Amino acid sequence: MAFAVQEKHYGPSLLSFFIYNPKFGQREGEEENKILFYHPNDIEKNEKIKNVGLCEAIVQFTRTFNPTKPAQSLHTQKNRQFFHEPEEGFWMIMVVKNPVVEKQKDGKTVLEYQEDELLDKVYSSVLQQCYKMYKLFNGTFNKAMETGGVTLLKDRLEKFFHRYLQTLHMQFCDLLDVFSGISFFPLDKMTYLKIQSFINRIEESLNLVKYTAFLYNDQLIWSGLEQEDMRILYKYLTTSLFPRYIEPELAGRDSPIRPEMPGNLQHYGRFLTGPLNLNDPEAKFRFPKIFVNTEETYEELHLIVYKAMSASVCFMIDASVQLTPDFCRKLDSLVGPQLTVLASDICEQYNINRRISGSEKEPQFKFIYFNHMNLAEKSTIHLKKTPSISLTSVQPELMKILGDINSDFTRVDEDEEIIVKAMSDYWIVGKKSDQRELYVILNQKNSNLIEVNDEIKKLCATQFNNIFFLD
Amino acid sequence: MEKEEYYLELNDRPVLFEKATNVNSVFFDEANKQVFAVRSGGATGVVVKGPEDRIPISFRMEDKGEVKCIKFSLGNKILAVQRTAKSVDFINLIQDYSQLEYSQECKTKNAKILGFCWTSATEIVFITDQGIEFYQVLAEKRTLKFLKSQSINVNWYMYCPESSVILLSTANLCNVLQPFHFRSGTLSKMAKFEIELPVSSIKPAKISERDIAMATIYGQLYVLFLRHHAKASSSPGAEVVLYHLPREGSCKKTHILKLNRTGKFALNVVDNLVVVHHQDTETSVIFDIRLRGESDGTVVLHQPVLPARSIHPYNIPLTGPAAVAGQLPIPCKLYSSSWIVFQPDIIISASEGYLWYLRIKLQPIVHMLTDKGRLMDFLLQRKDCKAVILSVCSQMLSEKDRASLPVIATVFDKLNCEYKKYLEAEHSYTVAVETSQGRSNALVKRPVRGQAVIDQSDMYTHVLSVFTDLKEAPHKFIIAVLMEYIRSLNQFQIPVQHYLYELVIKTLVQHNLFYMLHQFLQYHVLSDSKPLACLLLSLESVYPPAHQLSLDMLKRLSTANDEIVEVLLSKHQVLAALRFVRSIGGHDSISARKFLDAAKQASDDMLFYTVFRFFEQRNQRLRGNPNFTPGEHCEEHVTFFRQQFGEQAMLKISSA
C-alpha cells in the first residue's frame, strides 16, 4: 500500500434552497408563515426561521447601499448563498457548499474549503433558471396567490421543487448556464422554407394550435413563441423531456415504427407528451400545461410534443380547450406522415451540406460562442447532454477562467479581447464584439501571444466569416 | 350566376355577307378566311369579305357557267375560279396586268378536278380524283408552269393552310389518309396512315370528310377523327380520336376525347382547345389535351374540361329602318342546321349571311373549375390569361373565397414553373447571343413572353401588396402566404426580388413579430441585399438587434464596406470602424478627418487621443513624418489635440 498524500475532492453541492415572503409573517411568533418552501424539509423549524431571518437582514442591510439592487450573493468560508427576488416580496435563496479538499495531515483529516472556486454569475443564473422553470409550468407566484392563496402556492412550490431540485447538479454548472442559450440547427434555406410551409399548413388545419416550435436533433429550427419563453422551454425539452426518451430508444424498446393503418401512411410519429398509445381506451389525454407571456397576456397552454425520427414539434394550444382523443388522432394522422418525410429530408440535406462544407471533421478548436441577440449558442467543449449531467471535455480550471473572462465582459459595454495563459499552459482567449462572445481554448503550449492572436484571427475567418465579428 | 356560365361565345364583330340564295352562291376560302358572294355566276357581282377587311373587294366577271370553287391567291393578287371538272380559270387582279382570263386544264387524262388550294401567292395545287398537280402561276405571262404531280386515288381532300398540308382520303372505305406538305415550290409526301374502323359484323361505313378535321394544337398538327361509336361497347358515346401528324416520322394516335353522347357533332379548335358542338342538345364541350387524362401508355383519354354548355346567346343587331328605338334585337338561332364550321375557329351561317369566330371566355370558367390546381393548368395554357390568373390569385386570398395553404402553394408552384421556363429560355437566348456574337442570329429566336408568365412584379403589384394592404386576413395567414410564395420561388431557383422581402418585413413589424423576423434572417430566408440591410438599420429604434443583423448582412455582401464604416461611425464606434477598416486593409487610404470628426463628436478624450495617434503613426509609416498634410484638412483637430494633451504629446519626427 502506498502512503502517498491522500486527497479527496468534493465538488460543490446544494445545501439548502428556500423561498419566502417577509410580508406573510410580519408579526412576532408568526415568522414560520413567511416560509413558502424549504429544502431540505427535515431540518428543525427554528433553524429554518433563523436562516430566513438572516437572509432578510442581509437584504435589508445591503439595500441601504443600493436600494434597487440589494445583495445578490453572500460569500462565506463554507458556503455561497444566492439571493433572487423574481417577484416583488418573493425571495428565493439557494445555498451552495463550496468545493472541499480533504487532506490527511499528520494522521488527521483536514478540510480545505475552496472559497473562490464558485462563480457568482453561474449560480445566480442557475437560481434564476429555477424560477423560470417553475413559472413555465406553474405561472407566477402572484397568480397562484390570486387563485388559491398561500395554500395553493405552497402546494405548487412543493410539488415542483421537490422533483426539480434533484435534477440540479451543482458540480456541472458552468458558463453555459449563464448564457442559457439555444443551439440552432444549421439548415439550408430551401429545407427551412419547407419546414415553414409545414408549420403554416398544420397551424391552418389544426386551428387550435396557437404556437409551434420545431426542433431537430435537440436543436431549434423554429419558434413561434417569444424568445424568452422559448429559451426556458428549450431548456426543459433538451435537458429533461428529450433525454428521457433517448434511452428507451437506444435500448430498442418501445419501437416507434407504427403499424400501417387503413387509409393512413406508415409513419414514425408519436407523442412525447400525452398519450403513449392512441388506441388504448384507458389512455389519458392530458398534456403538461405551460405559462407563457406572463408579463403581458399571461397565456396558459397545453404542451403537445410530437416526434418523428429526429424531428420534434411542439404544438401549443390554449389550455381552456379540452383536448379530445379525436383531436389527438387527427393530429397524429396529419402530422405523423408529413413529419416523417420532412425529418428524412432534413437529415439528407444536412448530410449533403456537411459533406460540402467539410464540417464533418472534428473541429480543431475548442470554443464556446454565444450571441445575446438571438441566444444562439455553440460549444465544441461540451459533449452531448445526457439526462443528468452535461459533460465537458476540458478541465474545470479552464472552465472557471472562461467564467471569469465572461464576468469581466459583463462589466463593460465596449468590445474587448482578453488573452489568458492558464497554469496548465493552455491559452484562453475571450472576445466580445457587439453582442457576441467567443471563448477559445488553445492547446498550443509553446506559442507566444502573437501566434495565439493569429490563430484566433484564422478561426474567426473560417468559422465566423458570415457575421460581422471584429478582429 | 347562371347566365355567367357560358364559356364560349361568338365574336361580336362578325363578317356579314349576302345570304345564300338560288342566285347568290356563297363560298368560303379557309386559307384567306374570305367569304365570296357570287351573284349570277359573277356577272352581277362578286363580293369578297375577309376578317380584317373593312371594305369588301367587289368586282364583276363574265358568267361562264356555275362557279364550283373560287379563291384568291395569298395576297389577293390572282383569282382562281373552277367552273368545270377539267380546268381552273385565272384572273389577274394586278395593276398594269391584263385582266383577261387564262385557264389551266388538269394534266391527268380523264381526271376530274375535285378542287384546288393556293399554297402561296403564286403556287396552286389541283386535287383530282386521281392525284394532285402542283403548279406555279406566272401572272405576267398569263400561264401556269407545271411543277410536280402525284398519282393516287382520291375520294376527298382537306387542306390545312396554317401548316400547308393537304390530306387526301384514299382506299375504298376512305380510311387511308395521305398527307402532303407544300413549301416554296416543293411537295413532300408525309407518312400515310390508316384510321381504324369499328370491327363489326355490319358492313362498315365509309369515312366521311365531315368526320375529319385538321388543326394545329399547341404547335403540332393533328388530324381529328370523329368516331360516332366507340370501339368498346361499354361506352356507347361518340369520341374524337386525335392523330398526331409530325413533319417527319409516322403518324400516331395520341388522344381520345370522350363525348359521352351520340348524335350530330361539329369540331372547332379555339386557343388550343378542341371544341365539340352537339346539335341535338345545342351545347358544346371543350377538351384540353395538355390537361392530365387517363393514359394507357400510348393514348391519353380525356373527359371534357367542363360540363356541356351552350354558346353564349347571340343577338342579331338590327340595322336599317327596322332599328327603331325600343325594338328588341332578335336572338340568333344557335346550333342551327344551316351552320357550317371551318377550322380552326370559324362558324358560318350561310342562310343568315354571318361569319363568326368562336371565342373562349375564361372568367366564367374560374367559377366552374373548383379544383384550383387544374384551373391553373388550364388557364396557363390560354392566350389571354394574365388578368384572369391574377384575379384568381387575388380571389383565393380574399376573405370570402379563401383557399387553404396547400391549394395556394399548388397555384404558386404552377405559376412559378411557367415563370421559370421563360427565365431559362431567356437565359439560354442571352447566352446564345453572347457566344455567337452576331453570327447566325437567325437561329436563335428571342423567346416570346406569353401571358402565362406571371412574374414577381405582377404578383406583387396585383396580388400580394393589395392583399397585405387590405388587412382583412389574420397576419398569420398573410405571412404564411408570403412565405409560401417565397418558398415556391426558391424551389424553382428563381432569385427573389427584395420588394417581396420588404413586404414580409413590413407585415412582421406591423405586428411586432420581431423574433420571427430575426429567425427568418438567421436562416437567410430573406436574402442579403443593400436595400434590405438599410431597411433593417431603420428598424433599430424599434428592435435593437436589427443593428447586428444589418451589419452582418453588409459584411456578407462584401461590397458594402463603406456602408459598414458609416454605420459604425454614426454610432460613435470609431475604434470599431478603424479596426474594421484595418482588417480589410483599407486603413492607408481612408480619410483621417472623417474619423477624427467622429472621435471628437463622441466627446471622449481617450478615444480622440487614440484615433489621433493612429493617424500620426500612419503618416509616419507612409511619409516618414507624423504630421498631417494640408490636403487632409486636419488643422482643426491638430489644434484641439494640442489644447487637450499639450504640444509634448504630439508624435515627433523620428530622428533616424
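The name an unreviewed UniProt entry gives chain B is Mic1 domain-containing protein, with Pyxicephalus adspersus as the organism.

In the annotation of an unreviewed UniProt entry, chain A is listed under the name Vacuolar fusion protein CCZ1 homolog and assigned to Pyxicephalus adspersus. UniProt's Sequence similarities (unreviewed entry) comment on chain A is quoted here verbatim: "Belongs to the CCZ1 family."

**Q** Run through the interface of chain A and chain B, naming residues and quoting values.
**A** Listed by partner, the interface residues are 38 residues for chain A and 38 residues for chain B. For the pair chain A and chain B, the two sides together bury roughly 3,400 Å², of which 55% comes from carbon and sulfur. Across the contact surface, chain A and chain B share 3 salt bridges. For the salt bridge of D552 of chain B with R436 of chain A, the shortest nitrogen-to-oxygen distance reads 2.4 Å. For the pair chain A and chain B, the number of links is 13 residue pairs in polar contact (both at pLDDT 80 or more). Of all the secondary structure elements, the ones that give two or more residues to the side of chain A that touches chain B are helix 5 (189-205), strand 9 (209-216) and strand 10 (219-223) of chain A. For the side of chain A that touches chain B, a count of residues per class yields 17 nonpolar, 10 polar and 11 charged.

**Q** If you had to explain unusual backbone geometry to someone new, which residues and values would you point to?
**A** Along the chain, H39 of chain A connects to P40 of chain A via a cis peptide bond; the corresponding omega equals 0 degrees. Here P40 of chain A is to be found in the loop between strand 3 (35-39) and helix 1 (45-63). The linkage connecting Q343 of chain B with the following residue, P344 of chain B, adopts the cis geometry, with an omega of -5 degrees. For P344 of chain B, the position within the fold is in the loop between strand 31 (339-342) and strand 32 (346-349). One non-glycine residue, D434 of chain A, adopts positive backbone phi at about 50 degrees. Its location among the elements puts D434 of chain A in the loop between strand 18 (427-433) and strand 19 (436-442).

**Q** So what's going on with the sheet that holds strand 18 of chain A? Residues and values would help.
**A** Residues and elements named next belong to chain A. Spatial ordering of the open sheet is given by 16-15-19-18-17, a layout of 5 strands whose pairing is antiparallel. Each edge of the open sheet carries a strand with a single partner, namely strand 16 (376-379) and strand 17 (416-421). When the angles between neighbouring strand axes are averaged without regard to direction, this sheet yields 5 degrees. Relative to strand 19, strand 18 runs antiparallel, the two being bridged by 7 bridges. In the strand pairing of strand 19, G430 is matched with Y439. Packed onto the sheet, helix 9 (residues 449-463) meets strand 15 (366-371), strand 16, strand 17, strand 18 and strand 19 and runs at close to 125 degrees relative to strand 19.

**Q** Summarise the nonpolar core; cite the residues concerned and give the values.
**A** What tends to happen in soluble globular proteins is that the nonpolar side chains get buried as a cluster. One finds F161 and F214 of chain A together with F595 of chain B to be the most contacted residues of the largest nonpolar core, which totals 239 residues. Every residue in contact with F161 of chain A, bar those within four places of it in the chain, is listed here: F17, I19, F37, M92, C130 and Y134 of chain A. With 23 residues, the next largest nonpolar core counts C160, V223, F225 and L245 of chain B among its residues.

**Q** Summarise the pairing of strand 25 (residues 273-278) of chain B; cite the residues concerned and give the values.
**A** Residue and element names in this part refer to chain B. Among the 6 residues that make up strand 25, 6 are buried, leaving the element largely enclosed by the rest of the structure. On strand 25, burial covers both faces: L273, V275 and H277 on one face and V274, V276 and H278 on the other are all buried. With 6 bridges connecting them, strand 24 (residues 265-270) and strand 25 associate as antiparallel partners. Each bridged residue has a counterpart across the sheet, and for V269 the counterpart in strand 25 is V274. Counted between consecutive antiparallel strands, the loop separating strand 24 from strand 25 contains 2 residues, among which D271 sits at a positive phi close to 50 degrees. In this structure, strand 25 lies alongside strand 26 (residues 283-287), joined through 5 bridges in antiparallel fashion. Considered in strand 26, the bridge of V276 is made with V285. In sequence, strand 25 turns back onto strand 26 through a hairpin of 4 residues, with E282 there showing a positive phi of about 55 degrees.

Criteria and thresholds
Residues numbered from 1 in each chain as written. Chains lettered and ligands numbered in written order. Predicted model: local features only at pLDDT ≥ 70, side-chain atom pairs only at ≥ 80, totals over all residues. Heavy atoms only, no water. UniProt positions renumbered as here; feature names shortened; annotations may be inferred. Contact = heavy atoms within 4.5 Å. Buried area = accessible area lost by both parts, 1.4 Å probe. Salt bridge = Lys/Arg side-chain N within 4 Å of Asp/Glu carboxyl O. Polar contact = N/O pair within 3.5 Å; in protein donor to acceptor, adjacent residues only side chain to side chain. Helix = DSSP H or I, 4+ residues; strand = E, 2+ residues; numbered from the N terminus. Nonpolar A, V, L, I, M, F, W, Y, C, P; charged D, E, K, R; others polar. Pairing = 2+ DSSP bridges. Axes fitted to C-alpha atoms, helices over the stretch in contact; angles between N-to-C directions. Core = buried A, V, L, I, M, F, W, Y, C linked by side-chain atoms within 4.5 Å. Buried < 20%, exposed > 50% of the residue type's maximum accessible area, 1.4 Å probe, protein only.

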